[in-house]
Amino acid sequence: MNIGIQAIEYYLPQKVLSNVDLVKIFPDWTEEKIYKKTGIKNRHIAADDEYVSDLAFYAAKRLFENNSVEPKDIDFVILFTQSPDYNLPTTACILQDRLKIPKSAGALDINLGCSAFIYGLAVAKSLINTKIATNILLITAETYSKYINPKEKSVVTIFGDGAAATLISPSQISQIKEFDLGTDGSGAEHLIAASSGARLGMEEKCIRGDLFMNGPEIFNFTIDVVPKSIDNVLKKNNLTYNDIDYFVFHQANSYMLDHLRKKCNISEDKFYVDMSETGNTVSSTIPIALYRAQKEGHIKKGDTILLVGFGVGLSWGSTVIIW
């Protein structure tokens, strides 16, 4: 039995933070400099009264409206987020009720960021393989903006809020193949909202709630682990680089993606980069990229696509899918 992605939809908040806006905050920068360093022109930011459950709800609603699936068909909800509405109750439980998904459905939150979509595919595939569920609603949603100090240049220029909803179920054509997953928690402090939970710390680097990112360390980590993960996942799937029709990486920033593409010797016409109007939406960058790549004609049914997520944790994951 093949298990694959059946549909993807996404939602971005209406509020936009543009490079024009950022130049007003950081007059020593220009719009062109910000775009050159990040590949981003606009980021969508959740309103003060808009939260992860709201973004997730609208993404899932689009999934139901635009595809041949209804809430009653869903038998498991998985929400990946690091900015839930509450530490308790579970935001996925709130979504089950708000989306009118049957009470017989399972629902859980998983706290993971940049590699979340890959891990989500792994969890969903496992649930279906073990006959616990059949139609899984995988939602990735993040409002990092609520952790960001608007004067912290290293993060405010990068991150945007957003959500994606993905339907995963048994399939005739689409397929989720084998995985390579990894973790290096020794680097946890390099991307952290230190006061976002019960433990307080890192006060010398963060005021309460502020997101801290050590950009150089994240870059070095990524350049080291991603090529190795790609080699591992290709080996697990008995494939080579030449067998891959298209590569979709976590859309961290264009500078990092350009270095990764060149290090892995991937041609530009097989490598997706498009975050100019979304920013880095953390867990949702890969599903948003898949949606947009299909709409733009870069990928089509039956294509073999390699996905890679990497970042906060530190965590990484790769898989191959048949679209």
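None of these values were measured; they are calculated from a predicted model. (Residues numbered from 1 in each chain as written. Predicted model: local features only at pLDDT ≥ 70, side-chain atom pairs only at ≥ 80, totals over all residues. Heavy atoms only, no water.)

> Account for the overall build of the protein chain, naming residues and giving values.
Of the regular secondary structure elements, the protein chain holds nine helices and 13 strands. A compact globule built from 323 residues should have a C-alpha radius of gyration of about 20 Å, and the protein chain, at 19 Å, falls within 12% of that. Referenced to the eigenvectors of the C-alpha coordinate spread, the extents of the protein chain come out at roughly 55 × 45 × 35 Å. Counting the 323 residues in the protein chain, one finds 58% classified as buried. Long-range pairs, those at least 24 residues apart, make up 77% of the contacts in the protein chain between residues at least 6 apart in sequence. Carbon together with sulfur atoms contributes 49% to the accessible area of the protein chain, which is approximately 14200 Å² in total. (Helix = DSSP H or I, 4+ residues; strand = E, 2+ residues; numbered from the N terminus. Rg over C-alpha atoms; globule rule 2.2 N^0.38 Å. Buried < 20%, exposed > 50% of the residue type's maximum accessible area, 1.4 Å probe, protein only. Contact = heavy atoms within 4.5 Å. Areas by Shrake-Rupley, 256 points an atom, 1.4 Å probe, with all protein chains shown as cover.)

> How would you summarise the nonpolar core if you had to cite specific residues and measurements?
Core analysis: the biggest nonpolar cluster contains 47 residues, and Phe159, Leu211, Phe249, Leu306 and Phe310 have the highest contact counts within it. Breaking this core down by element, the ones donating at least two residues are α6 (153-156), β9 (191-193), β10 (211-213), α7 (215-236), β11 (246-249), α8 (254-263), β12 (304-311) and β13 (315-322). Of all the elements, α7 adds the most residues to this core, at nine residues. Counting residues in each nonpolar core, the second largest holds 34 residues, with Ile5, Leu127, Ile128 and Ile321 among its members. (Core = buried A, V, L, I, M, F, W, Y, C linked by side-chain atoms within 4.5 Å.)

> Before we move on, can you summarise the sheet that holds strand β1 (residues 2-11) with the specific residues and values?
One open sheet accounts for five strands, arranged β1-β7-β6-β4-β5; its pairing is mixed. At either end of the open sheet lies a strand with only one pairing partner, and these are β1 and β5 (106-110). Sheet twist, expressed as the average angle between the axes of neighbouring strands with direction ignored, equals 20°. The pairing of strand β6 (residues 136-142) with strand β7 (residues 162-171) spans seven bridges and is antiparallel. Across the sheet, residue isoleucine 139 finds its bridge partner in β7, namely alanine 165. (Pairing = 2+ DSSP bridges. Axes fitted to C-alpha atoms, helices over the stretch in contact; angles between N-to-C directions.)

> Go over the environment of alanine 141 with me, naming the residues and quoting the values.
Relative to the elements of secondary structure, alanine 141 occurs in strand β6. A residue is classified by how much of its surface remains accessible, and alanine 141, at 0% relative accessible area, is buried. Residues alanine 141 and proline 84 lie 57 residues apart in sequence; the distance between their C-alpha atoms is 8.6 Å. Setting aside residues no more than four positions away along its own chain, alanine 141 makes contact with Val52, Ala56, Leu79, Phe80, Thr81, Gly162, Ala163, Ser283 and Ser284.

> Break down the side chain of arginine 292 for me, citing the residues and quoting the values.
Along the chain, arginine 292 turns up in helix α9 (residues 285-295). Here tyrosine 10 takes part through its side chain, which lies 3.0 Å from a polar atom of the side chain of arginine 292. (Polar contact = N/O pair within 3.5 Å; in protein donor to acceptor, adjacent residues only side chain to side chain.)

> Please set out the pattern of salt bridges residue by residue, giving values where relevant.
Following the criterion strictly, the structure yields 10 salt bridges and no others. Ionic pairing is found between aspartate 54 and arginine 98, a salt bridge with its closest N-O pair at 2.9 Å. Of this pair, aspartate 54 sits in helix α3 (residues 52-66) while arginine 98 sits in helix α4 (residues 91-98); the two residues are 44 residues apart in sequence, bridging distant segments of the chain. Put simply, aspartate 73 and lysine 72 hold a salt bridge, and the shortest N to O gap is 3.4 Å. (Salt bridge = Lys/Arg side-chain N within 4 Å of Asp/Glu carboxyl O.)

> Give me the lowdown on the UniProt feature "domain: Beta-ketoacyl-[acyl-carrier-protein] synthase III C-terminal" (unreviewed entry) in the protein chain, citing residues and values where you can.
The feature "domain: Beta-ketoacyl-[acyl-carrier-protein] synthase III C-terminal" (unreviewed entry), as annotated in UniProt, sits at residues 234-323 in this numbering. In residues 234-323, the share of helix is 27% and the share of strand is 22%. The end C-alpha atoms are 17 Å apart. (UniProt positions renumbered as here; feature names shortened; annotations may be inferred.)

> Which residues make up the pairing of β1, and what are the values?
The buried fraction of β1 is high, at eight of 10 residues. In this sheet, β7 lies alongside β1 in antiparallel orientation, the contact comprising nine bridges. When the bridges of β7 are listed, isoleucine 3 appears paired with proline 170.

> Help me get a handle on the packing of α3 against α4, residues and values and all.
Relative orientation of the contacting elements α3 and α4 amounts to 45°, with a least axis distance of 10 Å. The angle between the axes of α3 and α4 places the two elements in the oblique class. Considering the relative orientation of α3 and α4, their crossing is right-handed. Counting all contacts with α3, which are made through Val52, Ser53, Asp54, Ala56, Phe57 and Tyr58, the residues of α4 involved are Thr91, Leu95 and Arg98. Tallied by class, residues from the contact of α3 with α4 come to five nonpolar, two polar and two charged. (Parallel < 35°, antiparallel > 145°, perpendicular 65-115°, else oblique. Left-handed = near helix turned anticlockwise from the far one by under 90°. Nonpolar A, V, L, I, M, F, W, Y, C, P; charged D, E, K, R; others polar.)

> Quick one: what's the story with the sheet that holds β11, residue by residue and with numbers?
The strand order across the open sheet built from four strands is β8-β13-β12-β11, with neighbouring strands paired in mixed fashion. Since the sheet does not close on itself, it has two edges, and those belong to β8 (175-183) and β11, each with one partner. Ignoring strand direction, the axes of neighbouring strands in this sheet form an average angle of 15°. Here β8 runs beside β13; their pairing, made up of seven bridges, is antiparallel.

> Which residues make up α3, and what values do they have?
Between its first and last C-alpha, α3 extends 21 Å over 15 residues, near the 21 Å set by a 1.5 Å rise per residue. Three or more residues of α3 are buried, namely Val52, Ser53, Asp54, Leu55, Ala56, Phe57, Ala59, Ala60, Leu63 and Phe64. (Expected span 1.5 Å × (residues − 1).)

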